[in-house]
Amino acid sequence: MTIKEYKEYVKAHTQKTNEVKTLTLSFIVGGIICTIGQGFLELYKEILPTFDELKIGSLVSVTMIFIGALLTGLGLYDKIGYHAGGGSIVPITGFANSIVAPAMEFNKEGIILGTMAKMFVIAGPIIVSAIVYSVLSGLIFYFIGVI
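Residues numbered from 1 in each chain as written. Predicted model: local features only at pLDDT ≥ 70, side-chain atom pairs only at ≥ 80, totals over all residues. Heavy atoms only, no water.

(A) Geometry of the overall build of the protein chain. Of the regular secondary structure elements, the protein chain holds eight helices and zero strands. If you list the helices and strands of the protein chain from N to C, you get α-α-α-α-α-α-α-α. Relative to its length of 147 residues, the protein chain is extended, with a C-alpha radius of gyration of 20 Å against a globular reference of 15 Å. Across its three principal axes, the protein chain shows a C-alpha extent of roughly 65 × 45 × 40 Å. Expressed as a percentage of its 147 residues, the buried residues of the protein chain come to 20%. Contacts spanning at least 24 positions in sequence make up 51% of the contacts within the protein chain whose residues lie at least 6 apart. Charge separation in the protein chain, taken as the distance between the mean sites of 10 positive and 10 negative side-chain charges, equals 9 Å. (Helix = DSSP H or I, 4+ residues; strand = E, 2+ residues; numbered from the N terminus. Rg over C-alpha atoms; globule rule 2.2 N^0.38 Å. Buried < 20%, exposed > 50% of the residue type's maximum accessible area, 1.4 Å probe, protein only. Contact = heavy atoms within 4.5 Å. Lys, Arg positive; Asp, Glu negative; His and termini not counted. Charge placed at Lys NZ, Arg CZ, Asp CG, Glu CD.)

The following block contains the structure:
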């Protein structure tokens, strides 16, 4: 099969999407998730007035990760993601989903070789890349003297 024939085959068999609808749903769902996070931020400010913004931000992160993990465990986050696309993946709840979903999928292989070994299959490379690039950028700024 030539490259041209392959491209024609792919074009003929690729499902058409309504990009305006997909992008709109992503925007709306991502916005709803972020609005819920902002709601928790405002709630925690009201009920915990002695906490500083760093502690409240941490509480919001933990709450949103818990909600994302819970919805994944109940099988609801995948349904949200099916309709929302990238709008459900980008926020912190998407990170929780990327940890919990492989852990649940490989649970039948046992705790060590299943759940624990496969838990970071999706998120692991992202975490490692973030750490490496943040250390590198920190070193660059340190030696340049920007900080």
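Moving on from the coordinates now.
(B) Looking closely at the environment of Gly81. You can see Gly81 is positioned in helix 4 (residues 77-84). A C-alpha to C-alpha distance of 38 Å links Gly81 and Ile140, two positions 59 residues apart in sequence.

(C) Structural context of a nonpolar patch on the surface. A cluster of nonpolar side chains, namely Val128, Ile131, Val132, Tyr133, Val135, Leu136, Leu139, Tyr142 and Phe143, defines an oily patch on the protein surface of about 970 Å² accessible area. Mapped onto the elements of the fold, Tyr133 is located in helix 8 (residues 124-144). (Patch = residues over 30% accessible without salt bridge, like charges linked within 9 Å, V, L, I, M, F, W, Y side chains within 5 Å. Areas by Shrake-Rupley, 256 points an atom, 1.4 Å probe, with all protein chains shown as cover. Salt bridge = Lys/Arg side-chain N within 4 Å of Asp/Glu carboxyl O.)

(D) Structural view of the packing of aromatic side chains. Within this structure, the stated rule accounts for two aromatic pairs. Relative to Phe143, the ring of Tyr142 lies with its centre 5.2 Å away and its plane at 75°, an arrangement referred to as edge-to-face. Given the relative accessible area of 60%, Tyr142 is considered exposed. Positioned above the aromatic ring of Phe51 is the side chain of Lys55, whose terminal nitrogen or guanidinium carbon lies 5.5 Å from the ring centre. (Phe/Tyr/Trp six-rings, centres within 6.5 Å; stacked < 30°, edge-to-face > 60°. Lys NZ or Arg CZ within 6 Å of the ring centre and 35° of its normal.)

(E) The nonpolar core, seen in detail. Core analysis: the largest hydrophobic core is formed by eight residues, namely Val29, Ile33, Tyr44, Ile56, Val60, Met64, Tyr77 and Ala84. The set of elements that each furnish at least two residues to this core consists of helix 2 (19-47), helix 3 (53-73) and helix 4. Those residues within four positions of Val60 in sequence are excluded, and the remaining contacts are Gly37, Phe40, Leu41 and Tyr44. (Core = buried A, V, L, I, M, F, W, Y, C linked by side-chain atoms within 4.5 Å.)

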